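# Fold and geometry: a report
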Amino acid sequence: MRRLSTLIGLALTVILIVCPVALAQVQEYDVIVVGGGGAGLIAATAAAEQGVDVLLLERLAFLGGNTLISGGVMNVVNPEWQKALGIEDSVDLHYEQTLAGGDFRGDPELVRTLVEGALPALHRTIERGLKFDPKEIFVVVGALWPRTHRPTEPAGTGWIRAYSEAAKAAGAEIRLKTRVVQILRESPLKGRVYGVMAVTEDGTEIEIRARRGVILATGGFGANVELRILHNPQLGPHIPTTNQPGAMGDGIIMAQDVGAATRGMDFIQLLPLGDPATGELPGFITSAPNEVIYVNKQGKRFVNEGARRDVLVNALFEQEDSFMFMISDSQTVRDPAEFGIPLATLLEQGRVVKADTLAELAEKIGVPAQAFEETVRRYNESVINGVDPDFGKTLLEYTLDKPPFYASGRVPSVHHTMGGVAINTKAQVIDRRGDPIPGLYAAGEVTGGIHGTNRLGGNAIADIAVFGWIAGESAATDQ
């Protein structure tokens, strides 16, 4: 009897040691969305509105991702609103500029899907409660054309509010502080993706199965210095980032573990508008290149402010300390400034400097007054004449001659990673053989192949709005 008791005890011990998964929680939904930024919330909304059970998992304690701290602006060819403002545009032009802006390294089919889907995506978003000002269509830095639409709510807050409300209203469940650590596939390189392994804040491991599909919306890897350097060694660790801390590329790595192909991982975009202290975006005056000029520490312009973002950054790296000032005046400065921060707050913090004359502003920011005044005079002359002989800027709209004048210091900062998992126009993740991985979808900055070497300003929100919705519908309806 004693021997039998001992054997039973040993058997139970072995079961507990070798079968810990048997003790883990197992749950099941139709669709699992990994990531609670803009792409994830839009995907969750689209899937839930198809009438399926949806679970969204977010590793951080709040929703939003990079969308929350972005400018929130969206490129859309919108003939009704644009024509009222005298703007001529077309879907074909948006397509051509997006391809050319990425040096023709973007997938033409994905780019066509993006530009054709932008207007329907805008309409869906308005229907779900985010408002846009029809008169506020402009050229965000690096956008190349006046098709950028600005929400009435600051930064990306409106996108997150509207789609978190829409997802919940459609029945999606949202869990915060839950990190997905593994994608579950029937075998590592074949078969269907059937769920994920997740870990809660207290360390509890959960196996969550997906009857229909898993959607990756985990964002890029702009905050992961090691991964950035691995794929683009020229970007040293000293370069800050505009990204939120969760942008570590986890989704890309997990997708690769189940056979996903990647595209363009070395294409990493910097923005010339980082805060000198933090690298973050909030704090500058305006993002519209027709409203500002950029000057270096010698008080001189050095680039066409309306150029592509990579052109702007490369030119900035050639300046002393890779540092510039954005210069504006009373007719172009925004209050509240970009990202909804009151101008008075920025002035109080010293992130924006104000002066009644150009000479006074030059003294305050430490640039040679004579050179600075000549720079502004020559630029104003270019605006009046409609020709910029120095740098070929075509976005010439405002002279800078209405005091007070404003300056804000800026440095290059890692902003967007164009590379990520390969997808097709149904947002299905593609494996290394070129075939869709059954049950796995992706949208947003976790994907690669759309923007090529350089993303146009304003195209990221269009990307998440278009492909987030496609991913949600595909996962909910594909069998």
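Everything that follows concerns the structure shown earlier in this document.
The residue count restarts for each chain, going from 1 along the sequence in the order it is written. For a predicted model such as this one, the threshold for reporting local features is a pLDDT of at least 70, and the threshold for listing and counting side-chain atom pairs is 80 or more; totals across whole chains, interfaces and linings nevertheless cover every residue. Side-chain numbers come from the whole structure's heavy atoms, not from hydrogens or water.

### Considering the packing of aromatic side chains
Any two rings among Phe, Tyr and Trp, with Trp reduced to its six-membered ring, count as a pair given centres within 6.5 Å; such a pair is stacked if its planes are under 30 degrees apart, edge-to-face if over 60, and tilted if neither. All chains considered together, the criterion is met by 4 aromatic pairs. Ring centres of Phe132 and Trp159 lie 6.1 Å apart, and the angle between their planes is 75°; on these two criteria the pair is classed as edge-to-face. Of the two residues, Phe132 is situated in strand 4 (residues 132-138) and Trp159 in helix 7 (residues 157-169); the sequence distance between them amounts to 27 residues. A residue is classified by how much of its surface remains accessible, and Trp159, at 1% relative accessible area, is buried. Seen from their ring centres, Phe284 and Phe339 are 5.8 Å apart, and the 85° between their planes marks the pair as edge-to-face. Separated by 55 residues along the polypeptide, Phe284 in the loop between strand 11 (268-274) and strand 12 (293-295) and Phe339 in the loop between strand 13 (324-329) and helix 11 (343-349) bring together distant segments of the chain. Residue Phe284 is classed as buried on the basis of its relative accessible area of 3%. Summary of the burial criterion: residues with accessible area below 20% of their type's maximum are buried, those above 50% are exposed, and those between are partly exposed, where the area comes from a 1.4 Å probe applied to protein chains only. Since its relative accessible area comes to 15%, Phe339 is described here as buried. Three or more aromatic residues joined by ring pairs form one cluster here, namely Phe132, Trp159 and Tyr163. Here, over-ring charges are defined by two tests on the NZ atom of lysine or the CZ atom of arginine: distance to the ring centre within 6 Å, and angle to the ring normal within 35 degrees. When the ring centre of Phe323 is taken as origin, the NZ or CZ atom of Lys297, which lies over that ring, is 5.1 Å away. The numbering of helices and of strands both runs from the N terminus, where a helix is a DSSP run of H or I of at least 4 residues and a strand a run of E of at least 2.

### What about the nonpolar core?
Val54, Met74, Trp159, Ile208, Leu440 and Phe467 are the most contacted members of the largest nonpolar core, which totals 85 residues. Ranked by residue count, the leading element in this core is helix 14 (residues 459-477), at 11 residues. Whether two residues are in contact is decided by their heavy atoms: any pair within 4.5 Å suffices. In this view, Met74 contacts Ala118, Ala121, Leu122, Arg147, Thr148, His149, Trp159, Gly458, Ile461, Ala462 and Ala465; residues no more than four positions away in its chain are not counted. Here, nonpolar core refers to any group of buried Ala, Val, Leu, Ile, Met, Phe, Trp, Tyr and Cys residues whose side-chain atoms link them within 4.5 Å. Counting 24 residues, the second-largest nonpolar core is a separate cluster that includes Ala155, Ala288, Met326 and Leu395.

### Section: helix 9 (residues 250-257)
Residues of helix 9 that are buried: Asp250, Gly251, Ile252, Met254 and Ala255. In this structure, the buried side of helix 9 is in contact with strand 7 (178-187), strand 9 (205-216), strand 10 (262-263) and strand 16 (420-422). Looking one or two places after helix 9, you find Gly259, whose phi comes out positive at around 100°.

### Concerning the packing of helix 5 (residues 91-101) against helix 6 (residues 108-127)
Every axis in this analysis is a line fitted to C-alpha atoms, fitted for helices over the stretch in contact. Angles between the N-to-C directions lie between 0 and 180 degrees. Contact geometry for helix 5 and helix 6: axes closest at 9 Å, N-to-C directions at 135°. In this view, helix 5 runs oblique relative to helix 6, as classed from their interaxial angle. As for the relative orientation of helix 5 and helix 6, their crossing is right-handed in sense. Between helix 5 and helix 6, the residues in contact are Val91, Asp92, His94, Tyr95, Thr98 and Leu99 and Pro108, Val111, Arg112, Leu114, Val115 and Glu116, respectively. Its residues assigned to classes, the contact of helix 5 with helix 6 shows 7 nonpolar, 2 polar and 3 charged. Between 65 and 115 degrees an angle is taken as roughly perpendicular, under 35 as roughly parallel, over 145 as roughly antiparallel, and anywhere else as oblique. Each crossing gets its handedness from the near helix: less than a right angle anticlockwise from the far helix is left-handed, clockwise is right-handed. When residue character is reported, Ala, Val, Leu, Ile, Met, Phe, Trp, Tyr, Cys and Pro are called nonpolar, Asp, Glu, Lys and Arg charged, and the others, Gly included, polar.

By themselves these figures say nothing about function.
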